[in-house]
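Summary of structural features
Given next are the chains, with one letter for each unit.
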Amino acid sequence: THSVATAFFSRGGRLLAVSVISGGPVSEPGPVVITPGGVPVHKTVIDTRTVLSWRRGGHTMVMSSIAVPTLWMINLVTALNPAPPTHAPSSAAAG
C-alpha cells in the first residue's frame, strides 16, 4: 500500500500541489524532460494539468498545476534536486 501527503501552495491566484508518495515506487507516466542532479523527471499533461514526477529518498514525488507555467515548475524541481557537490582533488594526493 501507499501513503500520500500533499501540500498546496498558492501565490497570485496560482495553485501548485506537491505530493510525496511512500510505500515503494509508483509508475511515472510521460517522457523524461530534465535530469537535475541526475534525477529523471517525467512530464505528462492530464486535461490542462501539467504533472511532473520523480523519485527522491525512496519516495515518488509529484508536482502538478493548471495555472503555474511548466517552466516555473521545472525550475522548482531543479532547485529541489541540486547536483551533488563536486570535490576538488586533494592536494595531499599529489606529489
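Here, residues in each chain are numbered from 1, in the same order as that chain's written sequence. Two thresholds apply to this predicted model, a pLDDT of at least 70 for residue-level local features and 80 or more for giving and counting side-chain atom pairs, whereas whole-chain, interface and lining totals are computed over all residues. Hydrogens and water molecules were not included; the side-chain quantities draw on all heavy atoms of the structure.

The subject of this paragraph is the layout of surface pockets. Buried and open spaces are told apart on a 1 Å grid over the protein atoms alone, a cavity being a set of points where a 1.4 Å probe fits but cannot get out and a pocket being an open set with protein on both sides within 12 Å along at least five of seven lines. Residues with an atom within 4 Å of a point are the lining residues. Grid points are joined across faces, edges and corners, and a volume is the space filled by probe spheres set on the points. Empty space within the largest pocket amounts to approximately 180 Å³. Among the residues making up the lining of the largest pocket, the classes are represented as five nonpolar, one polar and two charged. In this classification, Asp, Glu, Lys and Arg are treated as charged, Ala, Val, Leu, Ile, Met, Phe, Trp, Tyr, Cys and Pro as nonpolar, and every other residue, Gly included, as polar.

Pairing between strands is defined by DSSP: at least two bridges between them are needed. Secondary structure counts use DSSP, requiring at least four H or I residues in a row for a helix and at least two E residues in a row for a strand, with both numbered from the N terminus. The strand order β1-β2-β6-β5-β4-β3 describes an open sheet built from six strands, whose pairing is antiparallel. Every interior strand has two partners, whereas the edge strands, β1 (3-11) and β3 (32-34), have only one. Within this sheet the neighbouring strands show an average axis-to-axis angle of 30°, counted without direction. Pairing between β1 and strand β2 (residues 14-22): nine bridges, direction antiparallel. Within β2, the position partnered with Ala5 by the bridge is Val20. Strands in contact with helix α1 (residues 70-80) are β2, β3, β4 (41-46), β5 (49-56) and β6 (59-65); relative to β5, the strand with the most contacts, it is inclined by about 10°. Note on method: axes are straight lines fitted to C-alpha atoms, helices fitted across the in-contact stretch only, with angles between N-to-C directions ranging 0 to 180 degrees. In what follows, residue pairs with any heavy atoms lying within 4.5 Å of each other are defined as contacts.

In this section: the pairing of β5. The pairing of β4 with β5 spans five bridges and is antiparallel. Looking at the pairing, Ile46 lines up with Arg49 of β5. Here β4 folds back onto β5 in antiparallel fashion, the turn holding two residues, of which Asp47 has a positive phi close to 55°. Sheet analysis places β5 next to β6, joined by seven bridges and oriented antiparallel. Counterpart to Ser53 in the pairing with β6 is Val62. The antiparallel hairpin formed by β5 and β6 contains two residues in its connecting segment, where Gly57 sits at a positive phi of about 60°.

With respect to the helices, strands and loops of the structure, Glu28 is situated in the loop between β2 and β3. As used in this structure description, the phrase polar contact means that two N or O atoms lie within 3.5 Å; if the pair is within protein, one of them must be able to donate a hydrogen and the other to accept it, and residues adjacent in sequence are counted only when both atoms belong to side chains. Polar contacts involving the side chain of Glu28 include one to the main-chain amide nitrogen of Trp54, which spans 3.1 Å. A polar atom in the side chain of Glu28 sits 3.2 Å from the side chain of Arg55. With sequence-adjacent residues up to four places away left out, Glu28 is seen in contact with His42, Ser53, Trp54, Arg55 and Thr60.

This brings us to the pattern of salt bridges. Any carboxyl oxygen of Asp or Glu that lies within 4 Å of a side-chain nitrogen of Lys or Arg is treated as forming a salt bridge with it. Evaluation of the coordinates by the stated rule reveals one salt bridge. One salt bridge connects Arg55 with Glu28, and the closest N-O pair in it is separated by 3.2 Å. Taken as a pair, Arg55 in strand β5 and Glu28 in the loop between β2 and β3 lie far apart in primary sequence, 27 residues in all. Burial here depends on accessible area, computed with a 1.4 Å probe over protein chains only, as a share of the maximum for the residue type. Under 20% is buried, over 50% is exposed, and the range in between is partly exposed. Owing to a relative accessible area of 40%, Arg55 belongs among the partly exposed residues under this scheme. For Glu28, a relative accessible area of 14% translates into the label buried.

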